[in-house]
Amino acid sequence: MKRFVNNPILSPRELPGAPPRLADVSSVFNPGAVRFNNGVTLLLRVQNRGRETFLLTAHGDDGFHFQVNPEPVVFRGLDRLPHLPYHIYDPRITPLADRFLITLALDTDAGCLTGLAETRDFETFRFLGLTGDEECRNAVLFPRTFDGAYLRLDRPNTLRRADAPPTGDTIRLSRSYDLLTWEPVGDLFKGRPRYWDELIGPGTPPLRTERGWLFLYHGVATHFGSSNIYQAGVALLDLDDPSKVIVRGRYNILEPRETYELTGQVPNVVFPTGWVAEDESDATALPESRVLIYYGAADTHVCLFLATVNELIEACYAGN
Ligand code: BMA
């Protein structure tokens, strides 16, 4: 497993945003990613000098070099939202049937809520609604239904700490029949106090492999006096019953080490939000397939990490 040699793949300096809103932006990070149009499409989180948030699309035929569309995404139907949204961010993309579903975090005057949008072409986007009124972030959808039910992983914000936004230490499995009303199925696992993943949240949407549903999650070490450290880890869930955790990695697979991860808007952050497997058969990523893993670095850049399915599964078992 290794970082792409030409990281970061996207920097605020290179973004061709239209002035005045998107001139000379501060950051581009935490992208949703999906295979589309014979390449990879990203949904980028961009912040301007007013620290206002926009989502922009980018497309790359090879998954390594991207062309950014300077026009920010407009969500039709957002005007029906009952709350004032300050920021809409950290999109995760899941292909389901004939459309792409996008889970979103919304900072609103009613707290941090999750929402759902859809697109078919990455040109027009429709906001489908909030997925509840619970404080929650980091929802990632499974790319298929299970006995007619949709499943997602999410992270309720149950912890309130001094001088910090509400956060959480539990990854949960939730179920829905209409994509907007969700009920908890159960907790999958919790943060490990004093180790790398004290606070946790789902990172990438689950990837179907022959050995189980694989997903990345972020873990935050909070026990260092001066700074929180955001890292990435991996876990494997049962194919037929994803409420069963087969194995959860003991070690992180990616931690801030490079300058673009150590310094920036928020130092010491790697935050994976999307991935694409190059070789799939029957909607299942093949064991030798390379996986392109897209992550935000220091809340400032978009970077790429490369691993095979086998390497990621091995990482789940290392030390266990
Ligand atoms: C989390 C989220 C992410 C962000 C990370 C590091 O709580 O807000 O969007 O990348 O913190 O600042």
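The rules behind these values
Residues numbered from 1 in each chain as written. Predicted model: local features only at pLDDT ≥ 70, side-chain atom pairs only at ≥ 80, totals over all residues. Heavy atoms only, no water. Helix = DSSP H or I, 4+ residues; strand = E, 2+ residues; numbered from the N terminus. Buried < 20%, exposed > 50% of the residue type's maximum accessible area, 1.4 Å probe, protein only. Contact = heavy atoms within 4.5 Å. Pairing = 2+ DSSP bridges. Axes fitted to C-alpha atoms, helices over the stretch in contact; angles between N-to-C directions. Near = heavy atom within 4 Å. Polar contact = N/O pair within 3.5 Å; in protein donor to acceptor, adjacent residues only side chain to side chain. 1 Å grid on protein atoms, 1.4 Å probe; cavity = no way out; pocket = protein on both sides within 12 Å on 5 of 7 lines; lining within 4 Å. Sits in = over half its atoms within 2 Å of the grid points. Nonpolar A, V, L, I, M, F, W, Y, C, P; charged D, E, K, R; others polar.

A. Seen up close, the environment of Cys136. For Cys136, the location among the structural elements is in strand β11 (residues 136–146). For Cys136, a relative accessible area of 1% gives the class buried. Along the sequence, Cys136 and Thr204 sit 68 residues apart, while their C-alpha atoms lie 16 Å from each other. If near-sequence neighbours (up to four positions away) are discounted, Cys136 is found in contact with Cys112, Leu113, Thr114, Arg152, Asp154, Arg155, Pro156, Asn157 and Arg172.

B. Inspection of the sheet that holds strand β13 (residues 170–176) at higher detail. Taken in spatial order, the four strands line up as β11-β12-β13-β14 in an open sheet, and their pairing is antiparallel. If you trace the sheet from one side to the other, it starts and ends with β11 and β14 (183–190), each paired once. Neighbouring strand axes in the sheet, compared pairwise and without regard to direction, differ in orientation by 25° on average. Pairing of β11 with strand β12 (residues 149–156), which is carried by six bridges, proceeds in the antiparallel orientation. Across the sheet, Val140 pairs through a bridge with Leu153, a residue of β12.

C. Quick look at the site of the ligand. Taken together, Asn30, Arg45, Asp90, Arg137, Tyr230, Val266, Val269, Phe271 and Asp299 make up all the residues around the ligand. Contact distances for the ligand include 3.1 Å between an oxygen atom and a side-chain N or O atom of Tyr230. In a pocket analysis with a 2 Å cut-off to the grid points, the ligand is assigned to the largest pocket. Across the shell around the ligand, the residue classes break down as four nonpolar, one polar and four charged.

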